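Residues per chain are reported as follows:
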Amino acid sequence: MSSKNSTLFFVDVYSPNEGDSNLVLEYGILRWSENKSERPEVYVHTYLKPQVNYNRIHWSEASKMQITRDFIEAKGDLPAIEDMIEADYLKRKNVVCFDASAEPFVSLISNCEHIFSIVDVFADIYADDEKAQSCDTLSKMCDYVGLIPDDNRNTNYTPLLKRLHQMAALWSFLEELLLNPKRRKSISAGGIQPSFIWPLPESKEVWFENDPKSFKDLSDREITDFFSSNLADRLDWFEMNMYACDWLYNRQPRPFARELAGQKELAEFIFQKILSFRMQIWILIFYSQFFHKKEDSLTIAKNRGDFSVLRPAGIESFTNFIIDNLDLFLSSDQKASLIASLINQSLHENDAVPFEHYDYDALRKKDNRAPEGPRLYFTSSPAHGSAAECYKEIRDATGRTIYMRFEIKGRGKERATHIDTVRHHVNELIREASNPFSDVWMTPDLKLWIQYITGINFTDIVRPQKMNDSELLNSARITLRKIIEREANPYLQKLYENLNECGELIKQENLDIPSKGFNFQGMSIEVMIVPSSKMGFIKRLFSFE
């Protein structure tokens, strides 16, 4: 089979202990699309942590590939070659490797669609050439066919990634000979070498001249040049990991946020108002390289950060990209500021909800007979006795309380029992409102947004602290508590004022007072007072303080 019009994946690994596939320190895959006029691009690149005693590793050899023990240990939680085999990035792919018979390649390419081995192809082409048959390494093969050696002008690609590009250039030459075997004696490597593949272009340390502070400081030409097909050449691959379409290995699934309201508006606000220009550039780099959205990244940059000019599908894709990676794109201060803004907006919107009276008994009867639309849930307390149903509550289908009703009526002991029961439920409300993490303040949408921004599950934030909680979790918990307490305080004070006013009205037991209703964070709270028939019976003072 010819690979000329197929997308090819070039794979290679580096182990300082020759022949020991358990000590691999670096893994890379290049993807070369069916359009061979385009350069190959990095598809997977990662350093690896062998699951063995590090003393077995020949670090002196590894240093020749610019890999040291300190370098690997400082990289944090790196995968091992076993993880790469399990990830199976080459499944159903057309793969080129140097020697398909050697480990770990045998394991890495076990599920490939087609496998091309440079060793085998080189041996077939030069079967009648004794000198060529003695070439048993990539460098010897390249020297033999006259492929230009590395000129060391590119310092951004690791030696392994450079070797992969060299493999692609050699493969292009070998395939030309496979397709045109009669030309073998008449062509030279220099005549057909694809110069845009090898050697790699010189690295540019400065991305932009004149130190721009925003997209407005760049010309269209500068932007187009930066986001060209050579963008990957500008990146420091010694510090860059790539796992197909992600830069984090085995990233944990995020909560499903596609139904969250206001994603586009929030993404616009974050990208255009919160993020620095440098971070905006990095986001577009990641979107271009990892999501392979080169044209959309260029369009956003040329429109000075405005992604509303994209097609609807493009807007949705870029919005999702920002939202899905908020915990990575934002600094700690930016996260806190954004969370505070979202909480402030949510509390303000809930506070603006008008009070609504619910006919509790009529709605419950209707719901029992033939419920229509979203189900409502009804609670009363106590269920029996002289103070029956002096507290009534309605919750919506999500379990969120939308209506509370306190009733003070009767006289003597009956009225006193009503007051005690109401006081109990009011204290429960105050206790709930005093907890900054309660559902009073935290809507389902807010919880999900906080998870996306912090990268921490909301249930972990609100649970009691444990000895082994990470510093990141403890910091997020403390920061979020302070933000909620600060933002909720005006509304909590307003609740106290309304409840104290109700307490004063209850003391006036013989006055005919209309029911008092008010809204508290989307809950309609109503207090109904029926005057006692006797003067001066109630002696205890009722206070909600």
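Residues numbered from 1 in each chain as written. Predicted model: local features only at pLDDT ≥ 70, side-chain atom pairs only at ≥ 80, totals over all residues. Heavy atoms only, no water.

Topic: the pattern of salt bridges
- According to the stated counting rule, one finds 34 salt bridges in the structure shown.
- Aspartate 151 serves as the salt-bridge partner of arginine 153, at 2.9 Å between the closest nitrogen and oxygen.
- Note on arginine 153: relative accessible area 42%, which makes it partly exposed.
- The class for aspartate 151 is partly exposed, based on a relative accessible area of 31%.
- The shortest N-O distance in the salt bridge between aspartate 420 and arginine 423 comes to 3.1 Å. Here arginine 423 and aspartate 420 lie together in helix H18 (residues 412-433), a separation of 3 residues that amounts to about one turn.
- Connected through shared salt-bridge partners, Asp361, Arg364, Lys392, Arg405, Glu407, Lys409 and Glu526 make up one network. (Salt bridge = Lys/Arg side-chain N within 4 Å of Asp/Glu carboxyl O. Buried < 20%, exposed > 50% of the residue type's maximum accessible area, 1.4 Å probe, protein only. Helix = DSSP H or I, 4+ residues; strand = E, 2+ residues; numbered from the N terminus.)

Focus on unusual backbone geometry
- Residue proline 104 is bonded to the preceding glutamate 103 through a cis peptide linkage, with omega at 5°.
- Its place among the elements puts proline 104 in the loop between strand E4 (94-97) and helix H4 (105-108).
- Cis geometry marks the peptide bond from tryptophan 198 to proline 199; its omega dihedral reads -5°.
- Structurally, proline 199 can be placed in the loop between helix H9 (189-192) and helix H10 (220-226).
- Of note, the phi angle at glutamine 66 is positive, near 60°, even though the residue is not glycine.
- Here glutamine 66 shows up in the loop between helix H1 (59-62) and helix H2 (69-73).

So, the side chain of glutamate 268
- The residue glutamate 268 is located in helix H11 (residues 263-274) in this model.
- Discounting chain neighbours no more than four positions away, the residues touching glutamate 268 are Lys273, Phe307 and Ser308. (Contact = heavy atoms within 4.5 Å.)

Regarding the pairing of strand E2 (residues 26-32)
- For E2, a buried count of 6 out of 7 residues is recorded, marking the element as mostly surrounded by other parts of the structure.
- In this structure, strand E1 (residues 8-14) lies alongside E2, joined through 7 bridges in antiparallel fashion. By the bridge assignment for E2, phenylalanine 10 is matched with leucine 30.
- As judged from the 6 bridges shared by E2 and strand E3 (residues 41-47), these two strands associate in the antiparallel manner. Bridging across to E3, glutamate 26 finds its partner in tyrosine 47. (Pairing = 2+ DSSP bridges.)

Let's talk about the packing of aromatic side chains
- In this structure the tally under the stated criterion is 34 aromatic pairs.
- Where tyrosine 287 meets phenylalanine 318, the ring centres are 5.0 Å apart and the plane angle is 70°; that geometry is what we call edge-to-face. Highlighted residues: tyrosine 287 in helix H12 (residues 277-290) and phenylalanine 318 in helix H14 (residues 312-324), separated in sequence by 31 residues.
- Taking relative accessible area as the criterion, phenylalanine 318 reaches 0% and is therefore assigned buried.
- Residue placement shows lysine 93 over the ring face of phenylalanine 9; its charged tip is 5.5 Å from the ring centre.
- The ring of tryptophan 207 carries the charged tip of arginine 278 above its face, separated from the ring centre by 5.3 Å. (Phe/Tyr/Trp six-rings, centres within 6.5 Å; stacked < 30°, edge-to-face > 60°. Lys NZ or Arg CZ within 6 Å of the ring centre and 35° of its normal.)

Observations concerning helix H16 (residues 332-351)
- Its 20 residues give H16 an end-to-end C-alpha distance of 28 Å, which sits within 8% of 28 Å, the value for a rise of 1.5 Å per residue.
- Within H16, the full set of buried residues consists of Gln334, Lys335, Leu338, Ile339, Ala340, Leu342, Ile343, Ser346, Leu347 and Asn350.
- Buried positions along H16 lie against H11, helix H15 (326-329), helix H19 (444-454), helix H21 (471-507) and strand E10 (516-520). (Expected span 1.5 Å × (residues − 1).)

Observations concerning the nonpolar core
- Phe10, Leu170, Phe318, Trp441 and Phe520 are the most contacted members of the largest nonpolar core, which has 123 residues in total.
- At 12 residues, H21 tops the list of elements feeding residues into this core.
- Counting residues in hydrophobic clusters, the runner-up holds 22 residues, among them Tyr43, Leu90, Cys112 and Ala244. (Core = buried A, V, L, I, M, F, W, Y, C linked by side-chain atoms within 4.5 Å.)

Some words on the sheet that holds E1
- Taking strand neighbours across the sheet as the criterion, the 6 strands line up as E5-E4-E1-E2-E3-E6 in an open arrangement whose pairing is mixed. One side of each edge strand has no neighbouring strand; the edge strands of this open sheet are strand E5 (114-117) and strand E6 (242-243).
- Contacting E4 and E5, helix H5 (residues 118-125) crosses the sheet at an angle of about 60° to E5. (Axes fitted to C-alpha atoms, helices over the stretch in contact; angles between N-to-C directions.)

A word on the sheet that holds strand E8 (residues 391-395)
- Strands sit in the order E7-E8-E9-E11-E10 across an open sheet of 5 strands; the sheet is mixed. Lying at the two open borders of the sheet, with one neighbouring strand each, are strand E7 (377-381) and E10. Taking each pair of neighbouring strands and ignoring which way they run, the sheet shows an average axis angle of 15°.
- With 5 bridges joining them, E8 and strand E9 (residues 401-408) adopt antiparallel strand pairing. Residue tyrosine 391 lies in a different strand from E9, and its bridge partner there is phenylalanine 406.
- Where helix H17 (residues 360-369) meets the sheet, it contacts E7 and E8, and its direction lies at approximately 130° from that of E7.

Quick word on the packing of H5 against helix H8 (residues 159-179)
- Contact geometry of H5 with H8 gives a least axis separation of 11 Å together with a crossing angle of 35°. Judged by the twist between their axes, the crossing of H5 over H8 is left-handed. For the pair H5 and H8, the contacting residues are Ile118, Val121, Phe122 and Ile125 in the first and Met167, Leu170, Trp171, Leu174, Leu177 and Leu178 in the second. (Left-handed = near helix turned anticlockwise from the far one by under 90°.)

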